[in-house]
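Breakdown of the fold
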Amino acid sequence: LLKQKAKSSNGSLSTCQTHSKKKNALKVGGGQEVPAIQGKGKVVKAKSSQKMDSGSSKDNPAQPKSKKAAREKNLNSSKSNGKGCQEKKKNGNVLKENGDVKHKRRKTEEHVEQQPKEAEIWFDDVDPKDIEAAIGPEAAKIARRKMGLETDESKKSLEQVLVKEKASEGLTRAIAMDCEMVGVGAKGEDSIVARVSIVNQFGKCIYDKYVKPTEEVTDYRTAVSGIRPENINTGEDFTTVQKEVASILKGRILVGHALRNDLKVLLLDHPKKKIRDTQKYKPFRERVKSGRPSLKLLCERLLHVQVQTSEHCSIQDAQAAMRLYTLEKKKWEAALKNKSNNKKCK
């Protein structure tokens, strides 16, 4: 009995070992059929464990390869799609930019076409501000250039601003006059004429003479008048100058700044309806907000030029007064005409 027990215990151990070997064999075999010996000695075919271990990557290496390939394919396709989108976007941006450039170019071409040409702008005593309001800044710029009101000092000198190029040098219907004076008397407070300058409507000088003093000069006022002893000592006689100036003024419009003083030292008179005094012109006074504006102030504000910066020049002052007059000539003359018509009606 003891021998039989010992044999039976050895047999059970061998069957357990064989069973564990069968399991290991199944695990190692994967999808192949492996014979296994059961406890009673029967041979049994082991089925494939592919269905059971389908989710594991170790037991089934074939499936992960296909999944990996699919993933790589998806990634490649997504990358290619992204590149395509980017390319489209880039192309879209390029197209948009090209469109913008074309649009801008078309706009600039239209703008260039719409800009007035210099030959098309004709001015006749019209304020450039009115031209700018009606036509545009480019037209006003052309008008200023033609009228000699260019603000860029590097392009035009003061003389070019005040004098019209290639214009008549003869007498015109309107003329401008200015006189330089020196002081006489105990303190030099009284004034006598030392120089007379007259310009035509285009700023061309038609008369300029120094005058011999009729009294002893006590103050030459050189810092303002620019007159020196040698200028007037060799000048023309007063009576001669007076007659010549009177003949020039006869029947003409006289333009100037504070003309009352100039006529006083010349001992001359002129019809009030023929005088155009830039100091007394109401629109000028309103613009610069001054009851008695200086010629220097009017030129700075209205002509954008500097005059009387050092010693005065009677030619330049007469040119400046004429330039101010021609700037407002149409309005000025129309206002005077309406005024005279209203008086006649009354």
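Keep in mind the model is a prediction, meaning the values are calculated, not measured.

Concerning the overall build of the protein
When helices and strands are tallied, the protein shows 13 helices and eight strands. By residue count, 32% of the 346 residues in the protein fall in the buried class. Counted over contacts in the protein with a minimum sequence separation of 6, partners at least 24 positions apart contribute 55%. Carbon and sulfur atoms form 52% of the exposed surface of the protein, whose accessible area is close to 23400 Å².

Things to note about the side chain of Gln319
Relative to the helices and strands, Gln319 is located in helix α12 (residues 314-327). If near-sequence neighbours (up to four positions away) are discounted, Gln319 is found in contact with Leu162, Val163, Val199 and Gly203.

As for the confidence of the model for the protein
In the predicted model, the protein carries a mean pLDDT of 74, and the fraction of residues at 70 or more is 59%. When pLDDT is averaged over each helix and strand of the protein, the minimum, 47, is found for strand β2 (residues 43-45) and the maximum, 97, for helix α8 (residues 238-249). Within the model, pLDDT remains below 50 along residues 36-65, and this stretch shows 26 contacts once partners closer than five positions in the same chain are excluded. A low-confidence stretch, residues 151-155 stays under pLDDT 50, and its non-local contacts, those more than four residues away or across chains, total two contacts.

What about α8?
Here α8 spans 16 Å end to end across twelve residues, near enough to the 16 Å set by a 1.5 Å rise per residue. All buried positions along α8 are accounted for by Phe238, Val241, Gln242, Val245, Ile248 and Leu249. The buried residues of α8 occupy one face: seen down the axis, they fall within an arc of 130°. Looking at the buried side of α8, the elements it contacts are β3 (174-184), β4 (190-199), β5 (205-210), β7 (253-256) and α9 (259-266). Downstream of α8 by a residue or two, Gly251 has a phi angle that is positive, lying close to 75°.

Some points on the pattern of salt bridges
A complete count under the given rule lists six salt bridges for this structure. With a shortest N-O distance of 3.6 Å, Glu236 and Lys209 are connected by a salt bridge. One end of the pair, Glu236, is in the loop between α7 (229-233) and α8; the other, Lys209, is in strand β5, and 27 residues separate them in sequence. Judged by its relative accessible area of 28%, Glu236 is partly exposed. Here Arg228 and Glu311 are joined by a salt bridge, their closest N and O atoms 2.8 Å apart. Taken together, the residues Arg228 in the loop between α6 (222-225) and α7 and Glu311 in the loop between α11 (295-303) and α12 connect sequence positions 83 residues apart.

A closer look at the nonpolar core
In this structure, Val255, Phe284, Cys299, Leu303, Met322, Leu324 and Tyr325 are the most contacted members of the largest nonpolar core, which totals 26 residues. Sorting the residues of this core by element identifies α5 (158-162), β3, β7, α10 (282-288), α11 and α12 as the ones contributing at least two each. With eight residues, α12 is the single largest residue contributor to this core. Those residues in contact with Leu324 that sit more than four places away from it in its chain are Thr278, Phe284, Leu295, Leu298, Leu302 and Leu303. Counting 20 residues, the second largest nonpolar core, distinct from the first, contains Ile175, Ile198, Tyr207 and Leu259.

Some thoughts on the pairing of β3
Burial analysis of β3 places eleven of its eleven residues in the buried class, which makes it a mostly covered element. Burial along β3 is two-sided: Ala174, Ala176, Asp178, Glu180, Val182 and Val184 facing one way and Ile175, Met177, Cys179, Met181 and Gly183 facing the other are all buried. Where β3 lies against β7, three bridges are found, and the strand directions are parallel. Note that in β7 the partner of Ala174 across the bridge is Ile253. Direction of pairing for β3 relative to β4: antiparallel, over a ladder of nine bridges. Looking at the pairing, Met177 lines up with Ile198 of β4. Sheet topology places β3 next to strand β6 (residues 217-219); two bridges connect them, and they run antiparallel. Bridge pairing in β6 links Gly183 to Asp219.

Here's the deal with the side chain of Glu328
Mapped onto the fold, Glu328 is located in the loop between α12 and α13 (329-345). A polar side-chain atom of Glu328 sits 2.7 Å from a polar atom in the side chain of Arg287.

Structural notes on the packing of aromatic side chains
Two aromatic rings, taken as a pair, are described by how far apart their centres are and by the angle between their planes. Overall, the coordinates contain four aromatic pairs when judged by the stated rule. Ring centres of Tyr281 and Phe284 lie 4.7 Å apart, and the angle between their planes is 80°; on these two criteria the pair is classed as edge-to-face. Each ring, one from Tyr281 and one from Trp332, has its centre 3.9 Å from the other, and the planes form 15°; the classification is stacked. Residue Tyr281 is found in the loop between β8 (275-277) and α10, and its partner Trp332 is found in helix α13; the two are separated by 51 residues along the sequence. Cluster of aromatic residues (ring-pair linked, three or more members): Tyr281, Phe284, Tyr325 and Trp332.

Conventions we followed
- Residues numbered from 1 in each chain as written.
- Predicted model: local features only at pLDDT ≥ 70, side-chain atom pairs only at ≥ 80, totals over all residues.
- Heavy atoms only, no water.
- Helix = DSSP H or I, 4+ residues; strand = E, 2+ residues; numbered from the N terminus.
- Buried < 20%, exposed > 50% of the residue type's maximum accessible area, 1.4 Å probe, protein only.
- Contact = heavy atoms within 4.5 Å.
- Areas by Shrake-Rupley, 256 points an atom, 1.4 Å probe, with all protein chains shown as cover.
- pLDDT = per-residue confidence, 0-100.
- Expected span 1.5 Å × (residues − 1).
- Arc of directions from axis to C-beta.
- Salt bridge = Lys/Arg side-chain N within 4 Å of Asp/Glu carboxyl O.
- Core = buried A, V, L, I, M, F, W, Y, C linked by side-chain atoms within 4.5 Å.
- Pairing = 2+ DSSP bridges.
- Polar contact = N/O pair within 3.5 Å; in protein donor to acceptor, adjacent residues only side chain to side chain.
- Phe/Tyr/Trp six-rings, centres within 6.5 Å; stacked < 30°, edge-to-face > 60°.

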